[in-house]
There are 2 protein chains.
Amino acid sequence: MSAQLLGHLSRFVALKEEDQAGILAFFQRKHVKKKDNLLEEGRICKHHYFIEQGCLRLFFVNEKGVEQTTHFAIENWWLTDYLAFQSQQTTGFYIQAVENTQVLAIDWHAQERLLAQYPCLERYFRLVYQRAYGADQLRIKYLYAFSREELYSHFSTHFPEFIQRIPQYLLASFLGFTPEYLSEIRKKKRS
Amino acid sequence: MSAQLLGHLSRFVALKEEDQAGILAFFQRKHVKKKDNLLEEGRICKHHYFIEQGCLRLFFVNEKGVEQTTHFAIENWWLTDYLAFQSQQTTGFYIQAVENTQVLAIDWHAQERLLAQYPCLERYFRLVYQRAYGADQLRIKYLYAFSREELYSHFSTHFPEFIQRIPQYLLASFLGFTPEYLSEIRKKKRS
DNA sequence: CGGATCGTTGATCAACTTCAACGGTCGTGG
DNA sequence: CCACGACCGTTGAAGTTGATCAACGATCCG
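With that settled, consider the layout of surface pockets. Estimates place the volume of the largest pocket at around 1200 Å³. If you trace the largest pocket, you find 48 residues lining it, with Leu143, Arg148 and Gly176 of chain A together with Leu143 and Arg148 of chain B closest to the centre. Looking at the lining of the largest pocket, the elements with two or more residues in it are β5 (67-74), α5 (120-145), α6 (148-158) and α8 (168-175) of chain A together with β5 (67-74), α5 (120-145), α6 (148-158) and α8 (168-175) of chain B. Tallying contributions element by element places α8 of chain A first for the lining of the largest pocket, with 5 residues. Across the lining of the largest pocket, the residue classes tally to 23 nonpolar, 13 polar and 12 charged.

In structure tokens, the structure reads:
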């Protein structure tokens, strides 16, 4: 039983005891192995994922064939390609497990029915999206405000536990530069 | 009477005729002159703005004193610093009118009461935020995928009407480079 | 008319990429 | 349990992209 999702829901809205099982029934639990994809470019983006345990990344492949990671998500975060999910169209992104990961998946129709049946969850998602959108506003500010080197410093002081968790080449990709340059930055810091 | 906001609401949720005046009563209309600020760094971010007519930009001032525009918003878009708005804390952003602009403003407490009184608006804002968040995901993808020059080409082919509407130095700031470099790109395109 | 604002130009400079090569480590099969 | 290969991080040289600075022109508006 996912105390995880129910716990997260109840941080934002009041849930009746009797509704809990009904809500969970809309979700499917999936176990994804490290490096396996939940979503691939060109496919319809059918699902919205809640991470119970583990870590996912959202990335795309640029015209040179290089993977560019744009988002990470860990426990208690939701992830999908929201434009493609909302319109139920094909995506330009991949979603891949960074570690062995356990998610709750809900497809678009099920989410619509879930929200129709439990209207208080409209509020839950409004708040979750509001926070996520605000976080991306700040993220964009950082992308404009900082040089690549400053981005690394900022990230490594604010999210040190994350640095431990993900390999360097993914971090470099997320920060928007090459693994080689990350190496150079780290060398400078050391000396 | 704002047919504008009611029209936008009804594109996402069904509104009862009799609720319309009640909803509008929560908002204050403001006229902002070109270059006037609706929000300034260090202030509490009290309001959420819906643009009836005109154009706003969200920007911050970097450590060199240069203004960096991160978002534009035009008719039928909402704008605020969402993290600061949600937590009712101080902001690191400015909101400024690019043109003479007419907005509907609602403060945080009023928005909470509005949503409590008209729960169907939770759904409206969920959908609006979902779309805005999805748009920012795509925006971040472009920031990673394109060189500055490609960003300009992409933007000018996809939003030509916008290029007309805003001065070049704001466009350069939004695309993340200097006005001088934009000049150079435009020269190259011409020849 | 006069000043401020905005766009342009060209020279120099810093940040970051690209490419090629090497070394360590980890997991897997023999 | 060792050996091999794949994967990942590092290094250094050369090349690009875009920033910076200073100066000049155009335009707009009071």
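Having seen it, we continue.
Moving on, we get to the pairing of β5 of chain B. Residue and element names in this part refer to chain B. The buried fraction of β5 is high, at 6 of 8 residues. Pairing between strand β4 (residues 55-61) and β5: 7 bridges, direction antiparallel. Note that in β5 the partner of phenylalanine 60 across the bridge is glutamine 68. Hairpin connection of β4 to β5: 5 residues between the antiparallel strands, including glycine 65 at a positive phi of 90°.

All right, on to the packing of aromatic side chains then. Residues and elements named next belong to chain A. Under the counting rule described, the total for this entry stands at 37 aromatic pairs over all chains. Geometrically, the ring pair formed by phenylalanine 50 and tryptophan 78 is tilted, given 5.1 Å between the ring centres and 55° between the ring planes. Here phenylalanine 50 is found in strand β3 (residues 47-53), whereas its partner tryptophan 78 is found in strand β6 (residues 78-79), with 28 residues between them in sequence. What makes phenylalanine 50 buried here is its relative accessible area of 0%. A relative accessible area of 5% means that tryptophan 78 is categorised as buried.

Another aspect to go through is the interface of chain B and chain A. Facing the 44 residues of chain B at the interface are 44 residues of chain A. For the pair chain B and chain A, the summed buried surface comes to about 4000 Å²; carbon and sulfur atoms form 60% of the total. The interface formed by chain B and chain A includes 8 salt bridges. The residue glutamate 122 of chain B makes a salt bridge to arginine 126 of chain A at a minimum N-O spacing of 2.5 Å. At the junction of chain B and chain A, the tally comes to 18 residue pairs in polar contact (both at pLDDT 80 or more). Secondary-structure elements contributing two or more residues to the side of chain B that touches chain A are β4, β5, α3 (82-87), α4 (108-117), α5 and α8 of chain B. The element that contributes the greatest number of residues to the side of chain B that touches chain A is α5 of chain B, accounting for 21 residues. For the side of chain B that touches chain A, the class distribution of residues is 20 nonpolar, 13 polar and 11 charged.

Reading the values: the criteria
Residues numbered from 1 in each chain as written. Chains lettered and ligands numbered in written order. Predicted model: local features only at pLDDT ≥ 70, side-chain atom pairs only at ≥ 80, totals over all residues. Heavy atoms only, no water. 1 Å grid on protein atoms, 1.4 Å probe; cavity = no way out; pocket = protein on both sides within 12 Å on 5 of 7 lines; lining within 4 Å. Points joined across faces, edges and corners; volume = space filled by probe spheres on them. Helix = DSSP H or I, 4+ residues; strand = E, 2+ residues; numbered from the N terminus. Nonpolar A, V, L, I, M, F, W, Y, C, P; charged D, E, K, R; others polar. Buried < 20%, exposed > 50% of the residue type's maximum accessible area, 1.4 Å probe, protein only. Pairing = 2+ DSSP bridges. Phe/Tyr/Trp six-rings, centres within 6.5 Å; stacked < 30°, edge-to-face > 60°. Contact = heavy atoms within 4.5 Å. Buried area = accessible area lost by both parts, 1.4 Å probe. Salt bridge = Lys/Arg side-chain N within 4 Å of Asp/Glu carboxyl O. Polar contact = N/O pair within 3.5 Å; in protein donor to acceptor, adjacent residues only side chain to side chain.

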